[in-house]
Amino acid sequence: MSPAGREVTITIDGREVPAVEGEMLHDAARKGDVEIPYFCYEPKLGDPVGACRMCLVEIEGIPKLQTSCSTPVREGMVVHTRTEQVKEAQNSVVEFLLVNHPLDCPVCDKGGECPLQDISYGWGPGKSRVIDEKRHFEKPIELSPLVAIDRERCILCYRCVRFSQEVSEDAQLQLIERGDRTYVGTFDDRPYVAPFQGNITDICPVGALTNYTYRFRARPWDIEHAGSVCTICPSQCNVSFTVRDEKVKRVISRDNHEVDDGWLCDRGRYGFEMFDAPERVREPQLKGGAVSWEQALEAVAEGLRRAGGKVAAIAGDASNEEGFLLQRILRDALGSPHIDSRPSRGPKADVLRRLAEPNVSAKVRDIDEADAILVLGTDPLHSSPILDLRVRKAIRRNGAKLVVATERPTALDGGAEAIARYAPGQAAHFVGELASAIGGSDNVATPVAETLRDAGKVVVIWGERIAREDGAAEALLDVAAATNMSTTDGAGLLEIPDTTNARGLREAGCLPDAGPGLSDTTAGKSTEEIREALISGELTTLVLFGADPLRDFPDTPAWEEALTAADFVLTFSMHDNATTAKSDVVLPLETHAEKDGTVTHPDGRLQRVRPSASRPENVVPNILVLSELATKLGLDTGIDSQPTAFQALTNAVTLYNGIEDEQIGGRGLRWQDREGATSARTGTEQPGPGGPPEGGSPDTQRDAPISMVQPDPTPRGVASADPPSGGPSTAANGDLLLGTYRDLWAGPVTELNPPLKFLTPQQRVEISRTDAERLDLKSGDKVRVNGIEAEAHVKERVPAGVVFMAEGVSDGNANALLNGGPVQVKIEKLDEATA
Amino acid sequence: MSFDPKSASYLDSIEVVEVQRGPKPGGVGGAYRAFGETLRGLKTTMARLIEGPMTIEYPEEKTPVYPRFRGRHKLHKFEDTGLEKCVGCSLCAAACPADCIRVVAAENIPGDRVSAGERYAAVYEINLSRCIFCGYCEIACPFDAITMGHDYEMADYDRRDLIFTKEMLLAEPVERTPLKSEGE
Amino acid sequence: MAHRLEKRVLLEHAEDPDLRTLDGYRRLAGGYETLERAYKEMEQDEVLQELEDSGLRGRGGAGFSMGKKASFLPRGDMAKYLCCNADESEPGAFKDRELMQRNPHQLIEGIAIAALAADAGHAFIFIRGEYDEQADILDAAVAEAYEAGYLGTNILGCHRDLELVVHRGAGAYICGEETALLDALEGKRGNPRLKPPFPAVQGLYGGPTLINNVETLSNVPHIVRRGAEWFKGFGTEQSPGTKVVSVSGGVRKPGNYEVELGIPTRELIYDLAGGPEEGHEIKAFFPGGSSSPVLKAEEGLDLPYSFEAMAEAGSMLGSGSIIVCDDRVSIPHLALRTARFYHHESCGKCVPCREGTNWTVKMLERMVRGEATPMDLDIVSSVQQNIIGHCLCVLGDSMAMPVGAMVRKFREEFEEVMANPDLVLDPHAVVQGAPETLGAST
């Protein structure tokens, strides 16, 4: 049943409807504007199950009624959806469904937006013949701390179970018992804990699965839906805020196949309560005390003027417009080129320009159709959760071949054809080897390369952090060239950056060596260099816009020193944190429910964040704050609103030239897809990515001792690499190499958010079985790692010689141990008494 | 001929007719007019005299209303358990054409139940200055938790005082409005 | 000794306990000679043709032509499967049990030959979990067949492989439905699948799969040995062959009787099964297990026992299991017992079956308690109508058809019971007799 079937015409209720051969009759009817009621059908969940029997239709030539959700369209099919026979069937199915449905609509949260209500009114018999006792379950009970289940209301449509089994693939939800005693549950009644569980409340067609965060908060007629974009992570999923009394009460997904496929992770769904956290910065603060905006801006202007050009800025969580304004203030008002938007460092501007070439970049939807997918140096589940589902879908539905090449075991390993594990700090080397292995050489990356070689459409999902290593991005372009990406439609690179709007900020000009549109500019200092310059006194003043170096950037001690050394620190922040505590002036940031602006998805899609909820009284739109500040510093930007800011952005950024707000609309617009899209490299002639690889991995890097590490055998793992004894990982003194990762749940989104608080991760030291045995450790033991105390966690799939620790956790943040190069750590076991 | 009331010629053209009111005074007719007509009028007055006074001395006394009179709303509790009948479903708010009902629901805590169901109305407010007393809320209510009462004394000095809270709506009115009796 | 009305083919030599062993099967029935001939001398198409020509109809309930079903399997070198449905759970049916218990090798030989026709490399016998003894017998027989080289790799040196696995079910009636059987075999929850795709195209593990009943497959060696013409010599034109009929309920000699299809039903019940007990009369009977619409004695007894005659009378031959109800059986109680069985066994996947069986049970319970009104009788009837044809598989219909027929044909009796719930014709028959007969296999 390929979707690319032949165009046919079918007749539904006497009307000719165009359709595609092989598509499901239900879809064809919907496109032809014929409404057929249904409960269980949901193409996103995989093959139809035909369980609800609501979509029965009459097809001429077939004596029995057929379920339209599972009947493929054939040329000349004649279908009736409104005959007596069909009506009878629909009436009877609704009647049957209500035999055991409690009809407690007045207390049910779904009331008013319930498909069962709608269908009962539209297709039901209108009166009840049931006088018998209905089935009873204890209700409501916790399916998880986030989702309540009311089994009496459940109509057993299989949707949640199919989601758990075929989309998120955690297989935790099961149907238990049988007949009308069937209920949805988990093994042994354990809580359903999974990062995508909230989706089951979206797809439940009755009020059986409801969010605790939205329990009894509002009725459909009390609320407004405000479409926007979630900017908690780089996935930038499209969401719809449920707003009551100008406050966000719920976040639901807004299906955009190009971005999120209609799913939403729990971070995006339940993260909204941090908007109202007590830690929220609600007014300008000067030296820790609340002040008026006038006083604050005066102090800021004074502080910046005093710096006399010795000022730097780092943008983190910012919209394109905010980033654009910030770099204008820096470059044009303060005359400083030192601006960056990356946590430490990254590729040079010319490499970034080549990476931004439309012909080597993949869009999210390309994953669906890819022949092979390489996940490189990132775990999508942690860094861009929605892409994890996307990759799983590509494997399950399209038979895509997945290869994983990372430091740390990923959630996708189970579905991979080949897995390679490289040692922390060896990403650039590995990518270089991979490029040559695809080209035919035999090296450590060969098992991975074999799947990619001649695979057709290859999509590489790579983590920004590998590009912190010199030469990694260049090597990645070699991989692109070796897999013929630039000439293959649907193939390309897709970056998972460290921050939400990394791509937008880079393109808006928040880079030390590139201005708006990645244009040439006077070179400034990168984040790491800014830190060193602050310590040395070369720079005196720092502007942090939505960046929290003390939590998110590597080398926390150095940052502490830098912030202390700085004369003046201005921080724009949403919440009070360690960084704001060390800042002279703190200005409040808007949340993504309050902000008006655009962001750019890692695949180049400009999306609009729309103001949906009211701001706290003293929070002012950040664009206005920045333009006001520019005016105070003597720079007239001509920006006084979102439209003028957007206009200024598109005028200045060549890639965005001519994009209109309407073109972005609700679905976003990839600038590469626009007619007459300008390449980032206009004017700077360089060989294309398909040409000779220039600036590949530096030779010094190539000669470095190979420290590939051996993954523990997995069922399908075919990765072969140097034995662990060869690498530096097992140093003679027993020190281990430290690898770090950003945990999905680390950060304010869990810490400041009552419903998600239970997920707040604790630091733990992931260690291989081999090393654990050597150090006499078992899971749960307390250990000290270079001063950080944490719990040891023996993991089967961790390669020997390496330990992994989480970044961004509040207690024992691994960023404190990083210093830009490979870090050896010593693990001491703590006695129960000392711990 | 057209008349323009404003034109001078119109006024000029009116012929003034003197109207004589009643017969000329004096004589038998005059005496009759002085007493006869008055007595005739008094006859009705005297006849009603025995019926007693008809004045309802509001506010000391109140006009009785019909049983289905739609006055100020009342919220109800179950008589046996004392739990509120309202579960905070907001259907009344949805039905209200004047949009004067605001409901914020909350979940019952076992041990400290407010209503019989899972949820209850944490906030239930009716803005009586906007209410049009149509009774749709009563019709919409699936639990007969809200009914239109007989109270009609709602005047106040401040508009804000006309927003009735749940406690006010649950409380019995201080004085009962009398009902009209059968057949009245 | 076989009765003169019996025509034993499958049950030949059934009394001899030696038949269970390989030696006995070889000695008594010329066992595995047909397999040798088929493997050594016949092509796949020849075997298939023979089966198609024979007109053998599936003995599991649906009565679909077995040869035609096998011919639907696509050709090609993908993995193909053959499943023997031995999950005989229908109340009233116990013929497969007898066939497997007395002559397991006949089934194994049939499977091996059918696998040749279907070009299947793997075969499974999905046997009902409660048939423990029969599964042990099959296990032993399969081991013998492997040892003798009739199963395994390179069978009889003909470069053909066949792996046969006896899989015990976990006691769900629904797993007798072919697609639920496949799910259960794959290790999933035994729920029916959507059709199409039919198992012949996409069945076990996504491969083409031929699923047949024990009795159907047991017929295969006989057809291949003696030819389609011989087989068609028995029975009627549309229902050729012999049939093992399980007769139970209110008869003096309940049991399995192998007869030619088309034999008068009266002879089956009265002559072979001995008729009703002294002083009683037959009131009604199920001609094809508890899922077939019940026939009143006067409308059904004089019909020939064949697929087509039963279908014409508005019932069905099904698996060929006659349940006889004598005049002591209270039909409303029988309807309740039947409905309870299907309610208990409904898998819960599709709505009409899940809720319809549940609702029907509740209404019938009210009726026998005397808490129903005549209107409820109409509701029961209409609910049965609403179930039929709207379900994912046939389980819902299996309750709706007999219960619907009972309400339609014995309405007065229902009304009587509703009016006088205490006046059950013979409580013993209701509590002990009928439910025992019907519910034995829950």
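The rules we used
Residues numbered from 1 in each chain as written. Chains lettered and ligands numbered in written order. Predicted model: local features only at pLDDT ≥ 70, side-chain atom pairs only at ≥ 80, totals over all residues. Helix = DSSP H or I, 4+ residues; strand = E, 2+ residues; numbered from the N terminus. Buried ≥ 20, exposed ≤ 12 C-beta atoms within 10 Å, placed from the backbone. Rg over C-alpha atoms; globule rule 2.2 N^0.38 Å. Contact = placed C-beta atoms within 7 Å. Nonpolar A, V, L, I, M, F, W, Y, C, P; charged D, E, K, R; others polar. Pairing = 2+ DSSP bridges. Axes fitted to C-alpha atoms, helices over the stretch in contact; angles between N-to-C directions. Parallel < 35°, antiparallel > 145°, perpendicular 65-115°, else oblique. Left-handed = near helix turned anticlockwise from the far one by under 90°. pLDDT = per-residue confidence, 0-100. Core = buried A, V, L, I, M, F, W, Y, C linked by C-beta atoms within 7 Å.

**Here's the deal with the overall build of chain B**
Broken down by element type, chain B carries five helices and five strands. Traced from its N-terminal end to its C-terminal end, chain B shows the element sequence α-α-β-α-β-β-α-β-β-α. Split into buried and exposed, the 184 residues of chain B put 21% on the buried side.

**So, the overall build of chain C**
On a plain count of helices and strands, chain C comes out with 18 helices and eleven strands. Here chain C has a C-alpha radius of gyration of 22 Å; the compact-globule value for 442 residues is 22 Å, and the two agree. Referenced to the eigenvectors of the C-alpha coordinate spread, the extents of chain C come out at roughly 70 × 45 × 35 Å. Buried residues in chain C amount to 60% of all 442 residues. Considering only contacts in chain C between residues 6 or more positions apart, those separated by 24 or more positions represent 72%.

**Notes on the interface of chain A and chain C**
Tallying the contact residues gives 26 residues for chain A and 23 residues for chain C. In terms of residues, the side of chain A that touches chain C owes the most to one element, helix H2 (residues 84–99) of chain A, which gives six residues. Looking at the side of chain A that touches chain C residue by residue, the class counts come to 14 nonpolar, six polar and six charged.

**Digging into the interface of chain A and chain B**
A common way to report how large an interface is uses the accessible area buried once the components associate. At the interface, nine residues of chain A touch 15 residues of chain B. In the side of chain A that touches chain B, the residues fall into five nonpolar, one polar and three charged.

**Topic: the arrangement of the chains**
With two pairs of chains in contact overall, the greatest share of contacts is found between chains A and C. The two units chain B and chain C remain apart, with a minimum C-alpha distance of 26 Å.

**What about the sheet that holds strand E1 (residues 81–86) of chain C?**
Residues and elements named next belong to chain C. Overall, parallel pairing links the four strands, which are arranged E3-E2-E1-E4 in an open sheet. Each having just a single partner strand, strand E3 (163–168) and strand E4 (209–213) make up the two edges of the open sheet. Strand-to-strand twist of the sheet, defined as the mean angle between neighbouring strand axes without regard to direction, takes the value 20°. Note: E1 against strand E2 (residues 122–127), six bridges, orientation parallel. Across the sheet, Tyr81 pairs through a bridge with His122, a residue of E2. Where helix H7 (residues 132–147) meets the sheet, it contacts E2 and E3, and its direction lies at approximately 165° from that of E3.

**Let's talk about the pairing of strand E16 (residues 311–315) of chain A**
Remember that side chains alternate between the two faces of the sheet whenever the strand is regular. Residues and elements named next belong to chain A. A large share of E16 lies buried, amounting to five of its five residues. What you see with E16 is no split at all: Val311, Ala313 and Ala315 on one side and Ala312 and Ile314 on the other are buried throughout. Of the pairings in the sheet, the one linking E16 to strand E25 (residues 541–545) comprises five bridges and is parallel in character. Each residue of the ladder has a partner; that of Ala315, found in E25, is Phe545. Inspection of the sheet shows E16 paired to strand E17 (residues 339–340) by two bridges, in the parallel sense. The residue bridging Ala313 from the neighbouring strand is Ile339, located in E17.

**Considering the sheet that holds strand E28 (residues 597–600) of chain A**
All names here are of chain A. Taken together, the three strands give an open sheet; going across it, the order is E28-E29-E30, and neighbouring strands pair in antiparallel fashion. Edge strands, defined here as strands with exactly one partner in the open sheet, are E28 and strand E30 (669–670). As defined by bridge partners, E28 adjoins strand E29 (residues 605–609) across four bridges and the pair is classed as antiparallel. Note on E29: the bridge partner recorded for Thr598 is Arg608.

**Quick look at the packing of helix H3 (residues 44–54) of chain C against helix H9 (residues 214–232) of chain C**
Two measures define how a pair of helices packs: the angle their axes make with one another and the distance between the axes. Residues and elements named next belong to chain C. At their nearest, the axes of H3 and H9 sit 8 Å apart, and the two run at 45° to each other. Our classification of the angle between H3 and H9 gives oblique. In this structure, H3 crosses over H9, and the sense of that crossing is left-handed. Mapping the contact onto sequence places Val47, Glu50, Leu51, Asp53 and Ser54 in H3 and Val220, Ile223, Val224, Gly227, Ala228, Phe231 and Lys232 in H9. In the contact of H3 with H9, the residues fall into seven nonpolar, two polar and three charged.

**Focus: the confidence of the model for chain C**
Residues and elements named next belong to chain C. Of the residues in chain C, 95% reach a pLDDT of 70 or more, and the chain-wide mean stands at 91. Across chain C, the element-wise mean pLDDT spans from 38 in helix H18 (residues 427–439) up to 97 in E2. Counting contacts from residues 427–442, a segment whose pLDDT is below 50, to residues more than four positions away or on other chains yields 32 contacts. Across the assembled chains, the prediction reports ipTM 0.92 with pTM 0.89.

**Some details on the nonpolar core**
Judged by nonpolar contacts, the single largest core of 376 residues is most densely connected at Ile373, Val431 and Leu434 of chain A together with Cys84, Ile111, Ala114 and Leu268 of chain C. Per-element accounting of this core gives the leading share, ten residues, to helix H6 (residues 104–118) of chain C. Non-local contacts of Ile111 of chain C, meaning those with residues more than four positions away in its chain, are made with Leu82, Cys84, Ala123, Leu164 and Leu217 of chain C. In this structure, Phe216 of chain A together with Leu91, Cys96 and Tyr120 of chain B belong to the second largest nonpolar core, which totals 28 residues.

**Some details on the pairing of strand E18 (residues 372–376) of chain A**
All names here are of chain A. Burial of E18 is extensive: five of the five residues sit out of reach of the surface. Of the two faces of E18, the one lined by Ala372, Leu374 and Leu376 and the one lined by Ile373 and Val375 are each fully buried. Relative to strand E19 (residues 401–406), E18 runs parallel, the two sharing five bridges. Counterpart to Ile373 in the pairing with E19 is Leu402. Pairing between E18 and strand E21 (residues 458–463): five bridges, direction parallel. Each residue of the ladder has a partner; that of Ile373, found in E21, is Val459.

**With respect to the confidence of the model for chain B**
Summary statistics for chain B give a mean pLDDT of 86 and a share of 88% for residues scoring 70 or more. When mean pLDDT is taken per element in chain B, helix H4 (residues 136–140) of chain B scores highest with 96 and helix H1 (residues 8–13) of chain B scores lowest with 62.

**Some thoughts on the packing of H3 of chain C against H6 of chain C**
Residues and elements named next belong to chain C. Packing of H3 against H6 brings their axes to within 7 Å, and their N-to-C directions diverge by 110°. Classified by the angle between their axes, H3 and H6 sit roughly perpendicular to one another. Crossing angle aside, the handedness with which H3 passes H6 is left-handed. Contacts between H3 and H6 involve Gln44, Val47, Leu48 and Leu51 on the former and, on the latter, Ile113, Leu116 and Ala117. Here the residues of the contact of H3 with H6 are counted per class, giving six nonpolar, one polar and no charged.

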